[in-house]
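Residue-level structural notes
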Amino acid sequence: MEKLIKEFKNPSNQFRPVPLWFWNHELEDEEIKRQIEDMKQKGMGGFVMHARLGLKTEYMSDEWLKRIRCAIQEAERLGMKAWLYDEDNWSSGTASGQVIKEKPEYMLSVMHLGHEFRVNGPMQLTKDISTEDGLLYALAMPRIGNRLKDVPEGVRDITYCVKENNLIWDVPKGEWLVITLNRKVLREWCINGGLVDYLNEKAVKRFIELTHKVYYKHFSRYFGKTIPGIFTDEPGFAPGLLNEKEAAWTSSLPEKFKEIHGYLLAPSLPALFYDVGPKTTKIRCDFYETITNLYVNSYFKQIYNFCNKRNLLSIGHVGAEGENIQTRLQGDYFRLTKYMHYSGVDCLLAQTWYDRSKGIYAVNNMTGPKFASSSGHLLEKPRVLGEAFGVAVGWGLDLRTLKQLADWQIALGMNFFFPHAIYYSIQGFRKWDCPPSHRHATFWPYYNLFTDYLSRLCSLFSYGRHVAKIAILYPTKSMWANLPVNTTMQIKIHDDFETMSEILLRLHYDHDYLSEEMLQLSEIKDGKILIKGKNGKILEEFEMLILPACTTISKGTLDKIKEFYESGGKILATSLLPTASIEQGEDSEISKIIRKIFPVTDRKGVATGRKIKKTRMVMKGNRAGGLALFLQSSPVLSSSLEGVLSLLKDTIPNILEPDITITKDKKSAVEIIYLHYIKEGGIHIYFFLNTSTANSQEAEITLSEIGIPEEWNPRKGEAGFLSHYDIKDRKLHFTLKFEPTESHVIVVKTKD
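To keep things clear, this report deals only with the structure shown in the data block. Given the structure is predicted, the values throughout are model-derived calculations rather than measurements.

Reading the values: rules and limits
Residues numbered from 1 in each chain as written. Predicted model: local features only at pLDDT ≥ 70, side-chain atom pairs only at ≥ 80, totals over all residues. Heavy atoms only, no water. Axes fitted to C-alpha atoms, helices over the stretch in contact; angles between N-to-C directions. Helix = DSSP H or I, 4+ residues; strand = E, 2+ residues; numbered from the N terminus. Parallel < 35°, antiparallel > 145°, perpendicular 65-115°, else oblique. Left-handed = near helix turned anticlockwise from the far one by under 90°. Contact = heavy atoms within 4.5 Å. Nonpolar A, V, L, I, M, F, W, Y, C, P; charged D, E, K, R; others polar. Pairing = 2+ DSSP bridges. Core = buried A, V, L, I, M, F, W, Y, C linked by side-chain atoms within 4.5 Å. Buried < 20%, exposed > 50% of the residue type's maximum accessible area, 1.4 Å probe, protein only. Arc of directions from axis to C-beta. Expected span 1.5 Å × (residues − 1). Phe/Tyr/Trp six-rings, centres within 6.5 Å; stacked < 30°, edge-to-face > 60°. Salt bridge = Lys/Arg side-chain N within 4 Å of Asp/Glu carboxyl O. Patch = residues over 30% accessible without salt bridge, like charges linked within 9 Å, V, L, I, M, F, W, Y side chains within 5 Å. Areas by Shrake-Rupley, 256 points an atom, 1.4 Å probe, with all protein chains shown as cover.

As a further point, take the packing of helix α17 (residues 555–566) against helix α18 (residues 588–597). Look at α17 against α18: their axes get within 10 Å of each other, and the N-to-C directions meet at 15 degrees. With respect to their mutual orientation, α17 and α18 come out roughly parallel. By crossing handedness, the relation of α17 to α18 is classed as left-handed. Taking contact as the criterion, the partners of Lys555, Leu558, Asp559, Ile561, Lys562 and Tyr565 in α17 are, on α18, Ile590, Ile593, Ile594, Lys596 and Ile597. Across the contact of α17 with α18, the residue classes tally to seven nonpolar, no polar and four charged.

This part covers the sheet that holds strand β16 (residues 465–466). Sheet architecture is open: six strands sit in the order β16-β31-β32-β38-β34-β35, paired in antiparallel fashion. A strand with exactly one partner marks an edge of an open sheet, and here the two such strands are β16 and β35 (718–721). Of the strand pairs in this sheet, strand β32 (residues 683–690) and strand β38 (residues 743–749) are connected by seven bridges, and their pairing is antiparallel. Paired with Leu689 across the bridge in β38 is Ser743. Packing of helix α1 (residues 2–9) onto the sheet brings it into contact with β31 (672–679), β32, β34 (708–713) and β35, and relative to β34 it is tilted by some 25 degrees.

Judged by nonpolar contacts, the single largest core of 204 residues is most densely connected at Trp21, Phe47, Met49, Trp64, Tyr215, Phe287 and Phe598. Tallying contributions element by element places helix α8 (residues 280–308) first for this core, with 14 residues. The contacts of Trp21, once residues within four sequence positions are left out, are Ile32, Gln35, Ile36, Met39, Phe47, Val48, Met49, His50, Ile422, Tyr423 and Tyr424. Counting residues in hydrophobic clusters, the runner-up holds 17 residues, among them Phe688, Ile701, Phe738 and Ile746.

Take helix α7 (residues 253–261) next. Buried within α7 we find Leu253, Phe257 and His261. On an axial view of α7, the arc spanned by its buried residues comes to 35 degrees, and they lie on one face. With respect to the buried face of α7, the exposed residues turned more than 90 degrees away are Glu255 and Glu259. Contact partners of the buried residues in α7: β11 (246–249) and α8.

Below, the discussion takes up α17. An ideal rise of 1.5 Å per residue puts 16 Å on 12 residues; α17 measures up with 16 Å between its terminal C-alpha atoms. Among the residues of α17, Thr557, Leu558, Lys560, Ile561, Phe564 and Tyr565 are the ones counted as buried. Axial view of α17: buried residues confined to an arc of 155 degrees, hence all on one face. Following α17 by one or two positions, Gly568 adopts a phi angle in the positive range, close to 110 degrees.

Take the packing of aromatic side chains next. Throughout the structure, instances matching the rule amount to 45 aromatic pairs. Taking the centre distance of 5.3 Å and the plane angle of 65 degrees together, the rings of Trp23 and Trp64 count as edge-to-face. A residue pair is termed long-range when its members are at least 10 positions apart, and Trp23 in strand β1 (residues 20–23) and Trp64 in helix α3 (residues 62–78) qualify at 41 residues. Owing to a relative accessible area of 0%, Trp64 belongs among the buried residues under this scheme. Members of the aromatic cluster, joined through ring pairs, are Trp83, Tyr85, Phe231, Tyr342, Phe416 and Phe418.

All right, on to the pattern of salt bridges then. For the structure on display, the rule yields 35 salt bridges. When the shortest N-O distance is used, the salt bridge between Arg206 and Glu209 registers 3.1 Å. With Arg206 and Glu209 both in helix α5 (residues 201–210), this residue pair falls three residues apart, about one helical turn. One salt bridge connects Asp407 with Lys403, and the closest N-O pair in it is separated by 2.6 Å. Here Lys403 and Asp407 lie together in helix α12 (residues 399–411), a separation of four residues that amounts to about one turn. Residue Asp407 is classed as buried on the basis of its relative accessible area, which comes to 0%.

Every second residue of strand β22 (residues 544–547) is oriented toward a common face, with Met544 and Ile546 on one face and Leu545 and Leu547 on the other, all of them buried. Where strand β17 (residues 470–473) and β22 come together, three bridges link them in parallel fashion. Paired with Ile470 across the two strands is Met544, which belongs to β22.

Moving on to the sheet that holds strand β23 (residues 552–553). Spatially, three strands are ordered β23-β25-β26 in an open sheet, and the strand pairing comes out mixed. Lying at the two open borders of the sheet, with one neighbouring strand each, are β23 and β26 (585–586). Across two bridges, the pairing between β23 and strand β25 (residues 580–581) is parallel. Within the sheet, the bridge partner assigned to Ile553 lies in β25 and is Ser581.

Another point: the environment of Val393. For Val393, the position within the fold is in the loop between β14 (384–390) and α12. Excluding residues within four positions of it along the chain, Val393 makes contact with Ala350 and Thr401.

It is worth spelling out a nonpolar patch on the surface at this point. On the surface, a cluster of nonpolar side chains totalling about 480 Å² of accessible area is made up of Ile706, Ile708, Phe721, Tyr725 and Ile727. Structurally, Phe721 is set in strand β35.

Now the structure itself:
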């Protein structure tokens, strides 16, 4: 406890924020030193040297490297950390465009559905076509009316029939759909003339040669010391890919697809754009499995291995961590972050709870941080990184808003903050590059009040064990099976997932997101899902599994769910139960197992798409104490948010003893959320946050852990005992008062 208190009163650099420092003008040694000294005085633990719009010193030139050395040496003198950034501006991967200038074929591209022709044979089809950045395939599929048949077996590859942008094909008897698929280079969203093909191992290797290896050559003696790591920013195998007529592409995809799945890609491609029947699900899942495999191995694993061998941390974040489009841009978040030393997220805007009124593609600062913290908890990451406060309010940002956003992100599990941003210069247009610059804001003279506060919280909620009794299965495979992103089913699946996460937070059941692979590797014991680390240490133990709306699941995952239920575990499924497997597509065995677990009787396990007039719950139990609940609600769960919240606040506590209760006037205080960590020696640390910007709260709180409660004040670095508390019914009871956006830290020591 003494060590914890000492760190809390005066947090060391490892817990202090590390801003993105925008190098955006002509760089000079004396000005670099002056700004570093200024950051030190304001409580920063280090900085990320980030080339940005307006930079006049040539990126990666000898002069650039001299300025990098100057910053490193000044950081070393002051006991700070100098973090590298791997790109000129963002997104990472092109080395300021050099990778794709050398070899244009290394530019990121997509497969675009160019033309569609419905024809009846026999006849000769003659069409002038656009091939954009290169024709990939021309395919012909038999059809009956608007329904395709015999995909992939009956698909004909007629690419050979295209000569100089002219398609000539002798159409056989019958009805056919002819399509062309083109390579389309992504030039939107690009600052450096394009993006690198993140699926191309050779392209990424060249990026590493031009960036990481250069830094290693010049500064290797600082690696793992003054230079802890290198930050990668917003990769994605198809950034901005919202067009339903586009899918990810790289030249090695056909060969890799055949190698992994044992059948040809080309005749299967129509399933990405059309419903081709029972095999649609399998083909789509196989496709995105291949893409994710290429993405992980080409980009994340290559960079991770390079850094790991050289005592350098590979950190940063990907794009769209919390948004509806995540699976289409990233494949599988957990598989990517496996090959990052810290998990990470980008929290943009002055936003906390997800605002559904802004549309399905809006920034989601609830699920984003939960993905990052779940990865941290379940993949044994020492820290959860957040690029924080970007474009939050602009130049109107103030310390109160900074504290509000930081508290929210702490409550969702972030514990290492990379503020966006400190600008080297705000001359001219530079001041409008995603403002504000904290160094140039009116609150800068008082900034150390914020950094001390934030650092104290990070010291408390790092290097401990997170406590949560519930896991939400992230339905990655169902998302893949129902792409593109704007389909009704895909929207429903993501809506169920994020709505259940919000409901659990409001009902004070903290949780982690769990991938299918993590669940398959878990140990099931006495009605619990045990997630273990490399040395067998238990990282999390879940007593309840949420299965949000789901159409598709792997057989191994469903077998694990069945094992959990039969061992006494509690499962809550919402709206839609799976009927397909990734191994087969539509799969009667999946429905059979579902009926053994859940209280449903029809062939598919649930009447998909049927409107439910009233939200209701049905349940089924077994002799081991297992319970399987099925929540029937309207097609989009968020449209029944209040009804579902009301139903679950009465249901869940009856089947799962809560770790914490937070009530106001004997009702659940749904605007207050919490975080619970355990440190060595039986020290339980709780963070309580009133998320309301308007309402004061007086909340009655009960904890399962019993001891003498202390309130620790992160603004002042002080600790003291709570003046009033009670122990009854084997619970610790006390009351806390909250002003709007106010937070409290409570520490309970349960054993010596």
